[in-house]
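Chains, contacts and geometry: an overview
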Amino acid sequence: EGVLHVQGSVTDASLVADLIAEHSIEAVVSSVMPDLRTAPAPAYQASNVDGVRTLLSCAKEAASVHSFVHISSIAVTNHHIPSHAASEQEPLPPPETYASLYDA
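None of the values given here were measured: they were computed from a predicted structure.

Describing the overall build of the protein chain
Along the backbone of the protein chain there are 2 helices and 2 strands. The helix and strand sequence of the protein chain, counted from the amino end, reads α-β-α-β. Counting over 104 residues, the protein chain shows a buried share of 20%. For the protein chain, the proportion of contacts with a sequence separation of at least 24, taken over those separated by at least 6, is 56%. Surface exposure of the protein chain reaches about 7,900 Å², of which carbon and sulfur atoms provide 56%.

Overview of the pattern of salt bridges
Taken as a whole and assessed by the stated rule, the structure comprises 1 salt bridge. Residues R53 and D50 are paired through a salt bridge, measuring 3.6 Å at the closest nitrogen-oxygen approach. With R53 and D50 both in helix 2 (residues 41-61) and 3 residues apart, this pair spans about one turn of that helix. The class of R53 is exposed, set by a relative accessible area of 53%.

Concerning helix 2
Taking 1.5 Å of rise per residue, 21 residues should cover 30 Å, and helix 2 covers 29 Å from first to last C-alpha, within 8% of that figure. Its maximal kink placed at G51, helix 2 deviates by approximately 30°. Turning to helix 2, its buried residues are S47, G51, V52, T54, L55, C58 and A59. Where helix 2 is buried, its residues touch helix 1 (13-23), strand 1 (27-30) and strand 2 (67-70).

How each quantity is defined
Note that residues are indexed from 1 along each chain, following the sequence as it is written. Since the coordinates come from a predicted model, pLDDT governs what is reported: local features require at least 70, and pairs of side-chain atoms require 80 or more to be given and counted, while whole-chain, interface and lining totals use all residues. Only heavy atoms go into the side-chain values, all of them from the structure, while hydrogens and water stay out. For helices the rule is a DSSP run of H or I covering at least 4 residues; for strands it is a run of E covering at least 2, with both sets numbered from the N terminus onward. Three labels apply to residues, based on accessible area from a 1.4 Å probe with only protein chains included: buried if under 20% of the type maximum, exposed if over 50%, partly exposed otherwise in between. Here, residues are in contact when the closest pair of their heavy atoms is within 4.5 Å. Using a 1.4 Å probe, accessible areas were evaluated by the Shrake-Rupley method; residue-level cover was limited to the displayed protein chains. Note on definitions: salt bridges are taken to be side-chain nitrogens of Lys or Arg within 4 Å of carboxyl oxygens of Asp or Glu. To estimate the expected span of a helix, count its residues, drop one, and scale the result by 1.5 Å. To get the bend at a residue, fit one axis to the 7 residues ending there and another to the 7 starting there, then take the angle between the axes.

So this is what it looks like as structure tokens:
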């Protein structure tokens with residue numbers, strides 16, 4: 001209850017804006033992420049950059065939205081390095097140690 005699940009494209013600004021207005025959305029929680037094992041790099045760009053930008057823009061323009069939460073991928077802290085009980089206070093790994101499926 002209180003959660004709206006929608007299947008559609010986060011890059012569709014009209015859809016996002018219409019849904020926010022129609023349902024008087026107060027908070028947007030984004031966990032946008034294509035499947036890194038199968039999605040081509042342009043799909044990653046479209047969802048994680050363009051899609052999140054669309055969500056943010058529509059949320060900012062809507063009078064009803066008071067909160068925006070983006071849940072990022074574990075890849076942001078380099079999921080190839082073992083860690084236990086990591087926190088946001090730990091420094092990010094150096095860029096040269098980061099590896100992803102798109103590093104070819």
